[in-house]
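Architecture and fold: a report
So the chains spell out like this:
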Amino acid sequence: MKQRAAPASQARDPAMKKTAPWPMIRPPATIAILGGGQLGSMLAQAAGQMGYRTLCVSANEADPAGRWSDHHLIADPGDANVISRIAQDVQVITVETESIEPSALAAAESIGARVAPSSHVQTIVRDRRLEKGFLAANDLAVGAFRVVESAAQMQQACEELLADGATEILAKTARGGYDGKGQRWIRTPSQADAAWQALGQVPLVVEAKVDFVSEMSVIVARSPDGGRSVLPVFGNEHRHGILFQTRMPAAVSESTARAAMDLARRAADHLKVVGLLAVEMFVLADGRVLVNEMAARPHNSGHVTLRAASRSQFEMHIAAICGLPLPEVEILRPAVMTNVLGDLWSVESAPALTKVGEHRSPDWATVLADGRATLHLYGKTPRPGRKMGHLIHTGHTIEEALVSANAAFGRLTTPS
Ligand SMILES: Nc1ncnc2c1ncn2[C@@H]1O[C@H](COP(=O)(O)OP(=O)(O)O)[C@@H](O)[C@H]1O
Ligand SMILES: [Mg+2]
């Protein structure tokens, strides 16, 4: 039966753990997942299927990852005291969100716990200043950018980038942004100050607009011994800064796919990441590839592997952090993942809304009638722009999968 408290301490000697290498962690060892969102939930499901036990640490009882974990500790997953305490009870600690404070991971590392990603990696990927600096320093191609920490620097950065030929500028908060949040477009130097104010006068990275022809992502799984497996390249379409759809395989040339995989592999090696590293990229008209940003965890675009690849990204993350051999991930069939946002729960944007019990819900029957579609719902409270779930459509060809995916999305969003 599911317990609501942390498991009893297995009293391991922290000093021993400090010097121990990273041995293969075998089932039924316990994996701690810090954070309670859908990525944690799908990690817990994969871990459970692989024979591991999971302890989710998250702030709220209702968090999706708590529902799917063996144990749910309701506490601040970024609190160093909490994480030091649970470090005694689990064999490995992982995170499902950048919001986890690296200091909490460092506290666990200091007593010899195995933590993946490490506090070092977490520090870099959660701050766009460090992330961009890391990419540039390691010769991993990025677009023009400036780090900005004052109104005067903001003005200067915008003037310089526009003078250097940027058609527009995207200012992003260094920390805490996701799904396009914490971003402002700037078209003239006169808009710099308003953007600085609107973003809360916090450190920023300001970027020249990249005139991309498409976006893609590459996920690398990397083990403690440096072994790695690169997942197939995903083609991504964003709408209003939020991932709308992912296709696998991506519509890119062989050479672009190779360049993308090489960039991702190099980034993972330089970071010495353990677990998944997801690298978002832009494809330019001349076929060149630029890195946009990275995440050291499962990534929304990788959900498509749940139904259409020989291993899911979640299984690969668990395998990597447990030091299991990493198989090659093969595409089993072409597939399209479409995100389901909370907007669908509002009457205006979802004409097919039905009343189920006390709760209004989109009319899932309209999509499930197609047997090649799977619906994945995370069980969160709907809010506009919030990721509530996703659909995966498979097909004999990617075109066929796209047609079914877009028809299903259309039925959910357009009046019949
Ligand atoms: N420099 C840029 N030029 C053009 N579009 C961009 C740029 N940076 C981000 N975008 C667009 O905004 C989306 C979200 O930005 P991103 O930096 O990935 O932030 P988030 O952390 O919210 O995902 C990207 O996927 C892309 O579509
Ligand atoms: Mg992004």
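Please read all numbers here as calculations on a predicted model, not as lab measurements. Numbering of residues starts from 1 in every chain and runs along the sequence as written. Chains carry letters from A onward and ligands carry numbers from 1 onward, assigned in written order. In view of the model being predicted, local features appear only for residues whose pLDDT reaches at least 70, and side-chain atom pairs are presented and counted only at 80 or more, with totals across whole chains, interfaces and linings using the full set of residues. No hydrogens and no water enter the side-chain calculation; it runs on all heavy atoms of the structure.

1. Quick word on the state of the cysteines
- By convention in this document, the label disulfide applies to cysteine sulfur atom pairs within 2.5 Å. A full pass over the atoms with the stated rule returns zero disulfides.
- Take C56: it sits in no disulfide, and the sulfur closest to it among the cysteines is that of C322, at 16 Å.
- The buried label goes to any residue with under 20% of its type's maximum accessible area, the exposed label to any with over 50%, and the partly exposed label to all in between, with areas taken from a 1.4 Å probe on protein chains only. Classification of C56 by relative accessible area gives buried; the value is 0%.

2. Regarding the packing of helix α4 (residues 80-87) against helix α5 (residues 102-110)
- In the contact formed by α4 and α5, the axes pass within 8 Å of each other and the chain directions differ by 35°. Seen along the crossing, α4 lies across α5 with a hand that is right-handed. Only S103, A104, A107 and A108 of α5 make contact with α4, whose side of the interface consists of A80, I83, S84 and A87.
- Of the residues assigned to the contact of α4 with α5, the class counts are six nonpolar, two polar and no charged. For helices, the fitted line uses only the C-alpha atoms of the stretch in contact; every axis is such a line through C-alpha atoms, and the angle between N-to-C directions lies from 0 to 180 degrees. Secondary structure counts use DSSP, requiring at least four H or I residues in a row for a helix and at least two E residues in a row for a strand, with both numbered from the N terminus. When the near helix sits turned anticlockwise from the far one by under a right angle, the crossing is termed left-handed; a clockwise turn instead gives a right-handed crossing. In this analysis, two residues are considered to be in contact whenever any of their non-hydrogen atoms come within 4.5 Å of each other. Under the convention adopted here, Pro, Cys and the residues Ala, Val, Leu, Ile, Met, Phe, Trp and Tyr are nonpolar, Asp, Glu, Lys and Arg are charged, and Gly plus all remaining residues are polar.

3. Concerning the coordination of the magnesium ion (ligand 2)
- Around the magnesium ion (ligand 2), the protein contributes the donor atoms E280 (OE), E280 (OE) and E293 (OE), at 1.9 to 2.7 Å from the metal centre. Pair noted here: E280 is in strand β13 (residues 275-283) and E293 is in strand β14 (residues 289-295), with a separation of 13 residues, a long-range link.
- Take E280: its relative accessible area is 13%, and that puts it in the buried class. Water is not part of the atom set, so a site may look incomplete; the donors themselves are N, O and S atoms within 2.8 Å of the metal, or 3.2 Å for Na, K and Ca.

4. With respect to the domain arrangement of the protein chain
- Taken domain by domain, the protein chain comprises domain 1 (14-115), domain 2 (144-208) and domain 3 (214-413).
- Segmentation of the chain into domains, including their bounds, is taken from an automatic or database domain assignment. With centres defined by C-alpha atoms, the gap from domain 1 to domain 2 works out at 36 Å.

5. Brief notes about the environment of S404
- Here S404 lies in helix α14 (residues 398-413).
- Distance from S404 to E328, taken between C-alpha atoms, is 28 Å for residues 76 residues apart in sequence.
- Those residues within four positions of S404 in sequence are excluded, and the remaining contacts are D370, R372 and H393.

6. Overview of the site of ligand 1
- Residues in contact with ligand 1 amount to 21 residues; listed here are only the nearest, K172, G180, E215, N292 and E293.
- One of the side-chain N or O atoms of E215 is found 2.7 Å from an oxygen atom in ligand 1.
- Broken down by secondary-structure element, the contributors of at least two residues to the shell around ligand 1 are β6 (169-173), β7 (183-186), β8 (204-208), β13 and β14.
- In the shell around ligand 1, the residues fall into seven nonpolar, six polar and eight charged.
- Both of domain 2 (144-208) and domain 3 (214-413) provide at least three residues apiece to the shell around ligand 1. By convention in these notes, a residue is near a molecule or strand provided one of its non-hydrogen atoms lies within 4 Å of it. Whenever two N or O atoms come within 3.5 Å, that pair is a polar contact, provided that in protein one can donate a hydrogen and the other can accept it, and provided that, for residues adjacent in sequence, both atoms are side-chain atoms.

7. Re helix α8 (residues 151-163)
- An expected span of 1.5 Å times one less than the residue number is assigned to each helix. Here α8 contains 13 residues, and its C-alpha end-to-end distance of 18 Å stays within 8% of the 18 Å for a straight helix at 1.5 Å per residue.
- What α8 keeps buried is the set M154, A157, C158, L161 and L162. The arc enclosing the buried residues of α8, seen along the axis, measures out at 120°, which places them on a common side. Turned more than 90 degrees from where α8 packs its buried face, A152 and A163 sit exposed.
- Looking at the buried residues of α8, the elements they touch are β5 (145-148), β6, β7, α9 (192-198) and β8.
- Looking one or two residues past α8, G165 carries a phi angle of roughly 110°, positive in sign. In this description, one arc is meant: the one made by directions from the helix axis to the C-beta atoms.

8. Considering the side chain of Q91
- Tracing the backbone through its elements, the reader meets Q91 in the loop between α4 and β4 (92-95).
- Separated by 2.8 Å, the side chain of Q91 and the backbone nitrogen of T30 make a polar contact.

9. Quick notes on the sheet that holds β5
- When DSSP locates at least two bridges between a pair of strands, those strands are taken to pair. Taken together, the four strands give an open sheet; going across it, the order is β5-β8-β6-β7, and neighbouring strands pair in antiparallel fashion. One side of each edge strand has no neighbouring strand; the edge strands of this open sheet are β5 and β7. Each strand axis lies, on average, 20° off the axis of its neighbour in the sheet, ignoring direction.
- Inspection of the sheet shows β6 paired to β8 by five bridges, in the antiparallel sense. Paired with L170 across the strands is E207, a residue of β8.
- This element, helix α7 (residues 128-137), spans β5, β6, β7 and β8 of the sheet and lies at about 50° to β8.
- Of the strands in this sheet, β5, β6, β7 and β8 touch α8, which is tilted by about 170° from β5.

10. Considering the packing of helix α2 (residues 38-49) against helix α12 (residues 313-321)
- The contact between α2 and α12 brings their axes to 8 Å, and the two run at 70°. The pairing of α2 with α12 is recorded here as roughly perpendicular in orientation. Crossing angle aside, the handedness with which α2 passes α12 is right-handed. Every residue of α12 that contacts α2 at L39, M42, L43, A46 and A47 is listed here: F314, E315, H317 and I318. What sets the label is the angle itself: under 35 degrees gives roughly parallel, over 145 gives roughly antiparallel, 65 to 115 gives roughly perpendicular, and the rest give oblique.

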